[in-house]
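One letter stands for each residue in the lines below.
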Amino acid sequence: MKEKKHILIVEDEAILFQKMHSYLFEDGYSVDKYTKSFEEAINRIEECKPDLVLLDIELVGEKTGIDLGKLLYRKY
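Now for a description of the structure that goes with this document. (Residues numbered from 1 in each chain as written. Predicted model: local features only at pLDDT ≥ 70, side-chain atom pairs only at ≥ 80, totals over all residues. Heavy atoms only, no water.)

1. Considerations on the sheet that holds strand β3 (residues 52-55)
Right, on to step 1. Strand order in the open sheet formed by three strands is β2-β1-β3, and the pairing between neighbours is parallel. In this open sheet, the two strands that pair with only one neighbour each are β2 (30-31) and β3.
Right, on to step 2. Across the sheet, helix α2 (residues 38-48) lies against β1 (6-10) and β3, angled at about 175° from β1, the strand it touches most.
Right, on to step 3. Contacts between helix α3 (residues 65-75) and the sheet are confined to β1 and β3, with β3 contributing the most and set at about 155° to the helix. (Pairing = 2+ DSSP bridges. Helix = DSSP H or I, 4+ residues; strand = E, 2+ residues; numbered from the N terminus. Contact = heavy atoms within 4.5 Å. Axes fitted to C-alpha atoms, helices over the stretch in contact; angles between N-to-C directions.)

2. A short note on the pairing of β1
Side-chain direction in a regular strand flips from residue to residue, so the side chains alternate between the two faces of the sheet.
Right, on to step 1. For β1, the buried fraction is high: five of the five residues fall into the buried class.
Right, on to step 2. Here β1 shows a buried face lined by His-6, Leu-8 and Val-10 and a second buried face lined by Ile-7 and Ile-9.
Right, on to step 3. A crossover connection joins β1 to the parallel β2 through helix α1 (residues 14-26); in handedness this β-α-β unit is right-handed.
Right, on to step 4. Both β1 and β3 contribute to a ladder of four bridges, which runs parallel. Counted as the bridge partner of Ile-9 is Leu-54 from β3. (Buried < 20%, exposed > 50% of the residue type's maximum accessible area, 1.4 Å probe, protein only. Right-handed = clockwise from strand over helix to strand, strands pointing away.)

3. Quick word on the side chain of Ser-37
Right, on to step 1. Note on placement: Ser-37 falls in the loop between β2 and α2.
Right, on to step 2. Assessed through its relative accessible area of 7%, Ser-37 is described here as buried.
Right, on to step 3. At 3.1 Å, the side chain of Ser-37 and the backbone nitrogen of Glu-40 are in polar contact.
Right, on to step 4. With residues up to four places along the chain from it excluded, the contact list for Ser-37 reads Val-10, Leu-59 and Val-60. (Polar contact = N/O pair within 3.5 Å; in protein donor to acceptor, adjacent residues only side chain to side chain.)

In structure tokens, the structure reads:
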């Protein structure tokens, strides 16, 4: 049996997260829990090692999705 790919959605608007979660889950992906900030995303990435991270640009807190994307590019 093929293993499900795990996706982390970093989105600060809960309704958008829920819609994306539903679509991806229906398509057979494993989707991580609601993550709304740079700091939460770093913790989730370290813990769950997702196959893909979908980033919102505007996030809760000082750092943006662009900051997170740059860090992911450099580190992973």
